[in-house]
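# Remarks on the overall topology
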Amino acid sequence: MARPGGQRGSRGQPPKRKKRDEFFEDEDAVDFFEDAGDNQAGEEADEGEPSSDEEETAEQKRLRLAKEYLAGIRAVEAAGRDGAEDGASDEDGLDAAVDRRLRQDAAEAMGWAQRALAARVVLPEGVPRSIPGQKLHRGHSQSVTALALTADDRTLYSVSKDGTILRHDIESGNRERMSSGAAAGPSGAPAAHWVVPGARQTSRAALLACAVSSDGVYVAAGGGSRVVHVWDTRAGLAPIKSFPGHKDAVTALAFRLGTHELFSGSLDRSVKLWSLDDMAYVDSLFGHQAEVLALDALRTERVLSVGGDRTCRLWKIPEETQLIFRGYHPVIESCAFTKGGEWVTGAADGALGLWSAARKKPLQSIRAAHSAEADASPLGSIGGNAAAGVLSVAVCPASDLVATGAGDGLVRLWSLDKGTKGTKGLSQLGGLPARGFVNGLAVARSGRFVAAGMGQEPRMGRWGRDGKARNGVLILPLTLRAEDAAEE
């Protein structure tokens, strides 16, 4: 039934009459809005005129830095074209060279390009007890558990079971002790009721992981205190922030390249994301069915995690999804990206795996990659399967050179063999002497050296001990052939 006109609702009440707004009928009010519009137009006109003392905006700064970077590349390429002819052809050739250089730099920054560096490495014959130029940086009273190398290969950070973090200068060998704040910092959150308490694998004062941002500004470390400590290298040697939140020991840390986004992994089976620009917690990633032992990240918004549930998990942060890759080994202890979509892992049973995001199973799995019987190392170790577990893996950034460490007395170097459809497999180049457990590895971007975090004990636990090893950071220099000789 239609409602009669002029009524609202079932009660038939007439609609309320609109009140007249006397304000809009006032001539002074109209003049007020006209004056306000004129004043606003005048202000916009004033803002459009650049003042003499106006500060540089962010967009102007980016434009200026881009021009300086382009001018620097052109100068380098022009210096290498001394024998070129003058004229338009020379200018075209220079533009083409600059274009190739920019594309190469962009591909390397994104993690898709690989330099042919492994073929240039010259290793000593046999297995010597030492190589010329190797140095052992002391300072830790207990086993070194992790390393972090800056992008310019000048500064190295190391953490240890004794709860200390040291900053090493690679060239001079000087070191500084940074305040860990583990004793004064807040304790982590209590363990959740659904977490089955296991045997303590390390002390609460021990540090088990560290990472440095790609610009070298922030350093992060964590361990048995369940807290992620953050340092600003511009502010001194004391931590500026401590992030509680994990319910068990922090075992892995990684920065996303080109950003101040930090990922942390823990024995509580979670991966957490922190923003150091805002000094705040961002998100938690759940999915692992056992402890998380290692993390790695490149420039894209993805992070790789491995752990004791025999899986590799590739987390897609914007999509809030994960890809699960199941291996054949009960515990995967280490991982490192070789390029976007490919990575290598080291397992506790001594297997070295090469993975691709396009396949659920490893592209290659090398059993007993650190078997002492293969090389008959004269360096000595605790021997047996206890020394064969691959404790650490590192990749030279934007190259085909891979390094692995265990407890067999050697740091082994591997080459990524290219195939028609990407990386075909890993082939061993040789080994460098390193007595003890290699709990951490870092390869210089320049390929000049390999840094190894040495210890008498493995990183997680005390199930093995080599009393003759020395705790510290071992610098192993590498000899590289000229590029022309390597191609021949």
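Scroll up to find the structure this text is about.
Cut-off values and rules
Residues numbered from 1 in each chain as written. Predicted model: local features only at pLDDT ≥ 70, side-chain atom pairs only at ≥ 80, totals over all residues. Heavy atoms only, no water. Core = buried A, V, L, I, M, F, W, Y, C linked by side-chain atoms within 4.5 Å. Buried < 20%, exposed > 50% of the residue type's maximum accessible area, 1.4 Å probe, protein only. Helix = DSSP H or I, 4+ residues; strand = E, 2+ residues; numbered from the N terminus. Contact = heavy atoms within 4.5 Å. Patch = residues over 30% accessible without salt bridge, like charges linked within 9 Å, V, L, I, M, F, W, Y side chains within 5 Å. Areas by Shrake-Rupley, 256 points an atom, 1.4 Å probe, with all protein chains shown as cover. Salt bridge = Lys/Arg side-chain N within 4 Å of Asp/Glu carboxyl O. Pairing = 2+ DSSP bridges.

So, on to the nonpolar core. Counting 21 residues, the largest nonpolar core has Leu401, Val411, Leu413 and Leu441 as the members making the most contacts within it. For this core, the secondary structure elements donating two or more residues are strand E24 (401-405), strand E25 (410-419), strand E27 (437-443), strand E28 (449-455) and strand E29 (472-477). Excluding anything up to four places from it in sequence, Val411 contacts Ala403, Thr404, Gly430, Gly431, Leu432, Ala434, Val438, Leu441, Val450, Ala452 and Leu476. Counting 14 residues, the second-largest nonpolar core is a separate cluster that includes Tyr218, Val230, Leu253 and Phe255.

Another aspect to go through is a nonpolar patch on the surface. Together, Tyr69, Leu70 and Leu102 make up an exposed nonpolar region whose accessible area comes to about 250 Å². Examined against the element boundaries, Leu70 turns out to sit in helix H3 (residues 58-79). The exposure class of Leu70 is partly exposed, given its relative accessible area of 35%.

Counting buried positions over the six residues of strand E20 (residues 342-347) gives six, a clear majority of the element. Neither face of E20 is open: one carries Glu342, Val344 and Gly346, the other Trp343, Thr345 and Ala347, and all of them are buried. Sheet topology note: the strand E19 (residues 332-339)/E20 ladder contains six bridges and is antiparallel. Among the inter-strand pairings, Cys335 is bridged to a residue of E20, identified as Thr345. Between the antiparallel neighbours E19 and E20 lie two residues, among them Gly341 with a positive phi of about 90°. Sheet analysis places E20 next to strand E21 (residues 352-356), joined by five bridges and oriented antiparallel. Counterpart to Glu342 in the pairing with E21 is Ser356.

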